[in-house]
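Listed here are the chains, written in short residue letters.
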Amino acid sequence: MALQPGLTSTSLGELATYLQAELRGDAKVQVCGLATLATATAEQLAFLANPKYASQLETTAAAAVILAPDVAADFSGNCLVLDNPYLGFARASRLFDRRPRPEPGIHPTAVVDPSASVDATASIGPNVVIAADVRIGAGTEVGAGSTIGARSVLGADCLIHPRVSIAYDVHLGDRVRVHSGAVIGSDGFGFARDGAQWIKIAQLGGVRIGDDADVGACTTIDRGALDDTIIEEGVILDNQIQIAHNVRVGAYTAIAACTGIAGSTRIGRNCTIAGGVGISGHLEICDGVHLGGMCMVTRSIKEPGAYGSALSAMPMDQYLKSAVRIRQLDGLAKQVRKLERKLEKDS
């Protein structure tokens, strides 16, 4: 029988088969969980992905360690050999995930519109509100206090944590995870100026999120003004991210906390965006771009690679001197240009 999440114990041999790892050591050793090299007990599995912790291999009490082939060659204990130990750790961690899993069914306190379709294997928690014409797929969990707006669709095996707000006309693919406090389908920030006042633009689009996406806590994804806001498959979004209306995020892109993306910007596939990045609206960012933390993007990026713009922290007195020099740059540039013209004229 294949290993399933929620394990309390398994053998090293079974783990090796599950991870497709080479086993070096005793296949009968029992493993009951995961830990770091420094804290692991004789019943726990550890891993080494960062060479800075290699010295801890000499003293670890772990039952076994997930190691790369070059490191495993010099290790005398039980080990599982993989080219990518961190990926092995990630897969093993899911086996020992002991998150409580509710029984299928609808809690008595939930409010479900008669026109909604909820699969018999789905789980609807306490005080959940499900509006008209919603469809919820097989194995999906909706946590306590969450709301699902009219005509929204949740695919199979989604996990909606407690207190998530999903507005109307939102479509989630299969295996989408949404963490507490997230808001999906809120109105985009669309207004037109009429003299001294702002006139709200009705946001007529929705939100579509692809399979296997992960939406962090308190992240907001606005609905489109006309077309849908689209988050493609495999995208992972950290906590407290703002994605404005009509943004499109390409497949398998990862975005860290506190990033803000303005309306109608398109971000390519396999990008990584670090924390606190600001991206202006109506831009195109191509596939394979990495944006460093706190950088500000005001122009489209058409070539893959790493980009950054923020100043790293420095001693305050040094920063104040640098700030003065930054303010002088325009004047210096003008002086240089004046000298260049003089030299051109004299030559």
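The coordinates are above.
Keep in mind that this is a model prediction, so the values were computed, not measured.

Asks: Can you walk me through the overall build of the protein in this structure?
Replies: Counting secondary structure elements, the protein contains four helices and 39 strands. Relative to a compact globule of 347 residues, whose C-alpha radius of gyration would be 20 Å, the protein shows 26 Å and is clearly more extended. Viewed in the frame of its principal axes, the protein has a C-alpha envelope of about 85 × 65 × 35 Å. In the protein, of all internal contacts separated by at least 6 residues, the share reaching a separation of at least 24 is 19%.

Asks: Honestly, the pattern of salt bridges in this entry has me stumped. Any pointers?
Replies: Side-chain pairs of opposite charge can arise where the charged atoms are in close proximity. Applying the stated criterion across every chain, the model contains 14 salt bridges. Each of R337, E340 and E344 takes part in a single network of salt bridges with overlapping partners.

Asks: I would appreciate a short explanation of the side chain of T60 in the present structure.
Replies: One can find T60 in the loop between β5 (44-47) and β6 (64-67). Engagement of the side chain of T60 in a polar contact is seen with the backbone nitrogen of A62, the distance being 3.3 Å. Excluding its chain neighbours within four sequence positions, the residues that come into contact with T60 are L37, A40 and V65.

Asks: Help me understand the pairing of strand β23 (residues 197-200), please; the structure alone is not making it clear to me.
Replies: In summary, the side chains of a regular strand alternate between the two faces of the sheet. Direction of pairing for strand β22 (residues 191-194) relative to β23: antiparallel, over a ladder of four bridges. When the bridges of β23 are listed, R193 appears paired with W198. In textbook terms, the turn of a hairpin is the stretch between consecutive antiparallel strands, and for β22 and β23 this stretch comprises two residues, one of which, G195, has a positive phi near 65 degrees.

Asks: Is there a simple way to explain a nonpolar patch on the surface in this structure?
Replies: Side chains of L311, M316, Y319, L320, I326, L329 and L332 sit close together on the surface and give an oily, nonpolar patch of about 720 Å² of accessible area. Tracing the sequence through the fold places L329 in helix α4 (residues 316-346).

Asks: Mind showing me how you'd approach the packing of helix α1 (residues 12-19) against helix α3 (residues 85-95) here?
Replies: The relative placement of two packed helices comes down to the angle between their axes together with the axis-to-axis distance. In the contact formed by α1 and α3, the axes pass within 10 Å of each other and the chain directions differ by 120 degrees. In terms of orientation, α1 and α3 fall into the oblique class. In this structure, the crossing between α1 and α3 has a hand that is right-handed. Listed contacts from α3 to L15, Y18 and L19 of α1 are G88, R91, A92 and L95. Split into classes, the residues belonging to the contact of α1 with α3 amount to five nonpolar, one polar and one charged.

What counts and what doesn't
- Residues numbered from 1 in each chain as written.
- Predicted model: local features only at pLDDT ≥ 70, side-chain atom pairs only at ≥ 80, totals over all residues.
- Heavy atoms only, no water.
- Helix = DSSP H or I, 4+ residues; strand = E, 2+ residues; numbered from the N terminus.
- Rg over C-alpha atoms; globule rule 2.2 N^0.38 Å.
- Contact = heavy atoms within 4.5 Å.
- Salt bridge = Lys/Arg side-chain N within 4 Å of Asp/Glu carboxyl O.
- Polar contact = N/O pair within 3.5 Å; in protein donor to acceptor, adjacent residues only side chain to side chain.
- Pairing = 2+ DSSP bridges.
- Patch = residues over 30% accessible without salt bridge, like charges linked within 9 Å, V, L, I, M, F, W, Y side chains within 5 Å.
- Areas by Shrake-Rupley, 256 points an atom, 1.4 Å probe, with all protein chains shown as cover.
- Axes fitted to C-alpha atoms, helices over the stretch in contact; angles between N-to-C directions.
- Parallel < 35°, antiparallel > 145°, perpendicular 65-115°, else oblique.
- Left-handed = near helix turned anticlockwise from the far one by under 90°.
- Nonpolar A, V, L, I, M, F, W, Y, C, P; charged D, E, K, R; others polar.

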